[in-house]
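Here is how the chains run, residue by residue.
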Amino acid sequence: MAKSEKRPSSLYTTGKRVPRSVRQRAQKREKANRKASFDKTQFQKALSKLPPRFTNEELCNVMALQNDPFVCLALFDWATHQHRFRHDNATYHVVIKKLGNAKLYDEMDEVVNQVLALRHIGNEALYNTMIYFFTENRKLVRAVNVFTHMRNSRNLECKPSIRTYNILLTALSSTKNNYYINQMYMENISCLFKQLVNDGIEPDLFSLNTMIKGYVQCLHVEDALRIFHQMDTVYHCAPNSFSYDYLIHGLCCHGRTRNARELCDEMKEKGFTPSDKSYNSIVNSLAINGEIEEAVKYLREMIEKQRLGDFITYKTVLDEICRRGRVEEAIKLLKELKEKDVVNGHDYRKLQFVLEDDYENPDVRSY
């Protein structure tokens, strides 16, 4: 009986973790193959839509219609060598967006270098697009280089705006739960914010919330509160629900439950509803501090507002009730959570086991 041929396994279907360097080489090979075999028929078809003496607007319209970014780049390169034609901001903008959206960052980088070498080319929208795609590729140094080029430009149309700063602030805002990483990024964010103010640009709600969030992640709650209290008086920008949510979480992490509750009440007075994270933070913090009645009150309020609690929140509240010898009360609360369909069957059974094993109460199962 003939042996069946063994099919070569794909790089991404082996089920094993592929090293980053191997993935990058594979992506480069795939990109090179795509570039070598781009649709020449489509390129010729696109060329046929251009009149003999086409304008920049006509070229932009044809390039924008191309689904293949390599065809778009080929049109751009072809137009570069045409007699009496010069690219403008619009043509550069279209090709950079096409390449950036397709994650062809090497090709995009070459076009960006052309723009930076030409003094008469460039505006805020074009540079913002460059910065955005460089941050998407985590080339933060390259993004900062474009930003510096904008600040040094004598052309007022090229100067950074609040949108430019917000793109960079978003890129520098760490999403990691690591204090040291957040601290490192926060130093850069703080410097960038100071530069924004020194340049005479008015911070908007997004940039101010980014500062609050950054300080909270670094556990610098006092700095976050300072920005929060300056929003209305200094920057003439009213806080929104995100402003309150970031601060409530930060205050709870520091065990400042009274301040967190005050802020939560103020938030509700202004018509905002605390987020899932805010409610979970308050309930956990109150329970750990021994304020069980308040914790249960906010827990029931969270359920009423249709906010989602997590397993840790429920376990913390039930644990703290049981530690005070009120096991029956904890069992009733667990039953209430089940009746309101707040916890699923799996979590309910896990919480049952916690109460039964940790507090040796065999009556839990009867509920």
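Nothing here was measured: the structure is a model prediction, and the numbers come from that model.

A. Fine view of helix α11 (residues 205-217). The terminal C-alpha atoms of α11 lie 18 Å apart, and with 13 residues this matches the ideal 18 Å at 1.5 Å per residue to within 8%. When α11 is considered as a whole, its buried residues turn out to be S207, L208, N209, T210, M211, I212, G214, Y215 and V216. Phi turns positive one or two residues past the end of α11, at L219, with a value near 65 degrees.

B. Local environment of the packing of helix α4 (residues 69-80) against helix α5 (residues 89-101). Contact geometry for α4 and α5: axes closest at 9 Å, N-to-C directions at 155 degrees. In terms of orientation, α4 lies roughly antiparallel with respect to α5. Considering how the two elements wind past one another, α4 and α5 form a crossing that is left-handed. Residues P69, C72, L73 and F76 of α4 pack against T91, Y92, V94, V95, K98 and L99 of α5. When the residues that make up the contact of α4 with α5 are grouped by side-chain class, the tally is eight nonpolar, one polar and one charged.

C. Local environment of unusual backbone geometry. For R84, which is not glycine, the phi dihedral falls at a positive 65 degrees. Here R84 shows up in the loop between α4 and α5. Relative accessible area serves as the criterion here: at 68%, R84 is assigned to the exposed category. Even without glycine at this site, H236 takes up a positive phi of about 55 degrees. Examined against the element boundaries, H236 turns out to sit in the loop between α12 (221-233) and α13 (241-253).

D. How the structure looks around the side chain of N209. Considering the arrangement of structural elements, one finds N209 in helix α11. There is a polar contact of 3.0 Å between the side chain of N209 and the side chain of N240. Engagement of the side chain of N209 in a polar contact is seen with the side chain of S243, the distance being 2.5 Å. With sequence-adjacent residues up to four places away left out, N209 is seen in contact with M231, N240, F242, S243 and Y246.

Scoring rules and cut-offs
Residues numbered from 1 in each chain as written. Predicted model: local features only at pLDDT ≥ 70, side-chain atom pairs only at ≥ 80, totals over all residues. Heavy atoms only, no water. Helix = DSSP H or I, 4+ residues; strand = E, 2+ residues; numbered from the N terminus. Expected span 1.5 Å × (residues − 1). Buried < 20%, exposed > 50% of the residue type's maximum accessible area, 1.4 Å probe, protein only. Axes fitted to C-alpha atoms, helices over the stretch in contact; angles between N-to-C directions. Parallel < 35°, antiparallel > 145°, perpendicular 65-115°, else oblique. Left-handed = near helix turned anticlockwise from the far one by under 90°. Contact = heavy atoms within 4.5 Å. Nonpolar A, V, L, I, M, F, W, Y, C, P; charged D, E, K, R; others polar. Polar contact = N/O pair within 3.5 Å; in protein donor to acceptor, adjacent residues only side chain to side chain.

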